[in-house]
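Working through the structure, step by step
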Amino acid sequence: LSLSLSVSQFSVTSPTHTMAAETKLLAQPLTLGDLVLKNRIFMAPLTRMRAGPGFVPQQMNVDYYAQRASAGLIISEATLISPLARGHPQTPGIYTPEQVEGWRKVVEAVHARGGRMFMQLWHVGRMSHSSLHPAEGLPIGPSPIAATTCQVWNADWVRVPLETPREMTKEDIDVVVEQYRAAAANAHAAGFDGVEIHGANGYIIDQFLQDATNKRTDEYGGSFENRSRLLLRVLEAILTVFPRSRVGVRLSPFSIFNEMSDTNAQALFSHVIRELDAREIGYVHVIEPRVAGGNEEMRDGTPTACDLFRPFFRGVLITAGGYRADTAEAALARHAADAVCFGRLFISNPDLPHRLLTGAPLNAYNRATFYGGTEVGYTDYPALDS
């Protein structure tokens, strides 16, 4: 990766989000259960691949999140529930005591600045390579179907094709459910305000949900009810640790990222979101299908997920995916969502809420420093008062 960027090289985008009056809804507090979040500009979960030895958060991770504590809510980068959950090098875990202690320092720094933070819990399923977890062997998934057009970084930071995953047994599924529960307990011990289940972007929960990747004929395959079973078991396990209002689920309806698809996506995700509504969880977080993972391109002609699924969920609905201040404000104004997550703009603008609410210009981001590396392109983006 090219990691050459200095503060002096930062440019600013034109202030397209101009008048503060246009962001009056984004500025309002939001009640999430017993939490009062100070605004509706949330920080999206952002994989940055900068964990220290042992996949433990280190000081630059503490600094990075503390800089962004003005978000109404920070959702952590996707964090691994086990060694076999890993799909990228240097992504942090939450399954060892050292990792818990590393994350505790992060959360304490965010809380010290008045922020709130949820941890996103992650298992990549088939989207991995055995070099990332040699002791555990092949990646696992609902069915032995490889994502043949995708590549991942192996343990040596070399892009390689994905392997065909091992089909999970029922015993494997039980183990994964318990790993989610244990990870949630570790997140609680680290001081997180809540957790988000990563059910999006073609990772293990999504692989069970969608029929492009789930060809099972047992109680985890076939019907919507069966394909939702893993998600709902994971949710029930986590609810033994956190109260309902402190748990969210992220979904990516209609997404094609990581070779995902379903023959009846609208009906599937309507079913899933109704089930989540019935369990009265804190929030559902939908990624708009116009975006695909961290890619820059926008897809045309896709439905707007927050508008489509809002009627099925009575709790807090968060939307993410290529928003600007004006389009985020519009989503809130038409009651399609209650909060909006920003990703890349938070990478380059640690004080993003202030900038969006005042119409200040934005720092441009540098994609070459998104994944892996040092503090360069990570903690050295300037705030307006720096």
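Look above for the structure.
Attention here is on the structure that accompanies the text. (Residues numbered from 1 in each chain as written. Predicted model: local features only at pLDDT ≥ 70, side-chain atom pairs only at ≥ 80, totals over all residues. Heavy atoms only, no water.)

Here's the deal with the overall build of the chain
When helices and strands are counted, the chain shows 11 helices and 16 strands. Relative to the 2.2 N^0.38 estimate, which gives 21 Å for 386 residues, the radius of gyration of the chain is 19 Å and therefore close to what a compact globule would have. Principal-axis analysis of the C-alpha atoms gives the chain an extent of 55 × 45 × 40 Å. For the chain, long-range pairs separated by at least 24 residues make up 75% of all intrachain contacts whose partners lie at least 6 apart in sequence. Total accessible area computed for the chain in this model is approximately 14,200 Å², and 53% of it derives from carbon and sulfur atoms. (Helix = DSSP H or I, 4+ residues; strand = E, 2+ residues; numbered from the N terminus. Rg over C-alpha atoms; globule rule 2.2 N^0.38 Å. Contact = heavy atoms within 4.5 Å. Areas by Shrake-Rupley, 256 points an atom, 1.4 Å probe, with all protein chains shown as cover.)

Some remarks on helix H7 (residues 265–278)
Between its terminal C-alpha atoms H7 stretches 20 Å, which fits the 20 Å expected from 14 residues at 1.5 Å a residue. On its buried face, H7 sits against helix H4 (204–209), helix H5 (224–227), helix H6 (229–238), strand S12 (247–251), strand S13 (283–287) and helix H8 (305–309). Phi for Glu280, located one or two positions after H7, is positive at around 55 degrees. (Expected span 1.5 Å × (residues − 1).)

Description of the side chain of Gln120
Summarising the element assignment, Gln120 is placed in strand S6 (residues 117–122). Since its relative accessible area comes to 1%, Gln120 is described here as buried. Separated by 2.8 Å, the side chains of Gln120 and Glu196 make a polar contact. The contact partners of Gln120, leaving out residues within four places of it in the chain, are Pro45, Ile75, Ser76, Glu77, Ala78, Thr79, Glu196, His198 and Arg250. (Buried < 20%, exposed > 50% of the residue type's maximum accessible area, 1.4 Å probe, protein only. Polar contact = N/O pair within 3.5 Å; in protein donor to acceptor, adjacent residues only side chain to side chain.)

Thoughts on the nonpolar core
If you look at the biggest cluster of nonpolar residues, it comprises 102 residues, and the most contacted ones within it are Leu121, Leu276 and Phe342. Apart from the residues within four sequence positions on either side, Leu276 is in contact with Leu231, Leu232, Leu235, Val249, Leu251, Ile281, Val284 and Phe313. (Core = buried A, V, L, I, M, F, W, Y, C linked by side-chain atoms within 4.5 Å.)

Points about the environment of Ala200
Mapped onto the secondary structure, Ala200 falls in the loop between strand S11 (194–198) and H4. Residues Ala200 and Ile287, spaced 87 residues apart in sequence, show a C-alpha to C-alpha distance of 7.9 Å. In this structure, Ala200 is in contact with Asp206, Arg250, Leu251, Ser252 and Ile287, ignoring residues within four places of it in sequence.

As for the pattern of salt bridges
Taken as a whole and assessed by the stated rule, the structure comprises 16 salt bridges. With a shortest N-O distance of 3.1 Å, Glu219 and Lys170 are connected by a salt bridge. Taken together, the residues span a long stretch of sequence, with Glu219 in the loop between H4 and H5 and Lys170 in helix H3 (residues 170–189) at a distance of 49 residues. On the basis of relative accessibility, which here comes to 38%, the residue Lys170 falls in the partly exposed class. Taken together, the shared-partner salt bridges in this structure form one network comprising Glu236, Glu275 and Arg279. (Salt bridge = Lys/Arg side-chain N within 4 Å of Asp/Glu carboxyl O.)

Topic: the packing of helix H1 (residues 59–67) against helix H2 (residues 97–112)
Axis separation between H1 and H2 bottoms out at 8 Å; the angle between their running directions is 25 degrees. For the element pair H1 / H2, the angle class is roughly parallel. Read as a crossing pair, H1 and H2 show a hand that is right-handed. For the pair H1 and H2, contact is made by Asn61, Val62, Tyr65 and Ala66 and by Trp103, Lys105, Val106, Ala109 and Val110, respectively. Along the lines of polarity and charge, the residues of the contact of H1 with H2 split into seven nonpolar, one polar and one charged. (Axes fitted to C-alpha atoms, helices over the stretch in contact; angles between N-to-C directions. Parallel < 35°, antiparallel > 145°, perpendicular 65-115°, else oblique. Left-handed = near helix turned anticlockwise from the far one by under 90°. Nonpolar A, V, L, I, M, F, W, Y, C, P; charged D, E, K, R; others polar.)

Concerning unusual backbone geometry
The backbone of Met49 shows a phi angle near 55 degrees, a positive value even though the residue is not glycine. Looking at the secondary structure, you find Met49 in the loop between strand S4 (41–43) and H1. Given the relative accessible area of 3%, Met49 is considered buried. For Glu259, which is not a glycine, the phi torsion comes out positive at approximately 60 degrees. Positionally, Glu259 belongs in the loop between S12 and H7.

Fair warning: the whole summary comes from geometry, so function is off the table for now.
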